Amino acid sequence: MQAYCVKCRTQRDMNDPRDEMTKNNRPIIKGKCANCGTGLNIIGKTIAQMG
Ligand SMILES: [Zn+2]
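All values derive from a computational prediction rather than experimental measurement.

A. Examining the coordination of the zinc ion more closely. Within the protein, the zinc ion binds to Cys5 (SG), Cys8 (SG), Cys33 (SG) and Cys36 (SG); these donor distances fall in the range 2.2 to 2.4 Å. Given four donor atoms and angles of 104 to 113° at the metal, the environment of the zinc ion is assigned as tetrahedral. In terms of primary sequence, the donors binding the zinc ion are separated according to C-x2-C-x24-C-x2-C. Of this pair, cysteine 5 sits in strand 1 (residues 2-5) while cysteine 36 sits in the loop between strand 3 (27-33) and strand 4 (39-43), and the two are 31 residues apart along the sequence.

Structure below.
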């Protein structure tokens, strides 16, 4: 799956994606940019929803 990387300034593949919940009890996918290792987030989604 892909997410926007603020460091690369483009969409990048996400390494090690995992489901978590925010403090507000919203789903969030957290992972790392495959290109530079910066943390990537997809707020409001679960891995299952991303297919
Ligand atoms: Zn990056």
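Resuming the write-up.
B. How the structure looks around the environment of proline 27. Assignment of secondary structure puts proline 27 in strand 3. Separated by 20 residues in the primary sequence, proline 27 and isoleucine 47 have C-alpha atoms spaced 9.5 Å apart.

C. Focus on the environment of methionine 21. Checked against the element boundaries, methionine 21 lands in strand 2 (residues 10-21). Separated by 22 residues in the primary sequence, methionine 21 and isoleucine 43 place their C-alpha atoms 9.2 Å from one another. Here methionine 21 is in contact with Arg26, Pro27 and Ile28, once residues within four sequence places are set aside.

D. Here's a closer look at the sheet that holds strand 4. Reading across from one edge, 1-2-3-4 is the order of the four strands in this open sheet, with antiparallel pairing throughout. Either end of the sheet is taken by a strand with one partner, and the two such strands are strand 1 and strand 4. Shown here is a sheet whose adjacent strand axes are inclined to one another by a mean of 45°, direction ignored. The pairing of strand 3 with strand 4 spans five bridges and is antiparallel.

What counts and what doesn't
Residues numbered from 1 in each chain as written. Predicted model: local features only at pLDDT ≥ 70, side-chain atom pairs only at ≥ 80, totals over all residues. Heavy atoms only, no water. Donors = N, O, S within 2.8 Å, 3.2 Å for Na, K, Ca; no water. Tetrahedral: all angles 85-135°; square planar, octahedral: opposite > 155°, others 65-115°. Helix = DSSP H or I, 4+ residues; strand = E, 2+ residues; numbered from the N terminus. Contact = heavy atoms within 4.5 Å. Pairing = 2+ DSSP bridges. Axes fitted to C-alpha atoms, helices over the stretch in contact; angles between N-to-C directions.

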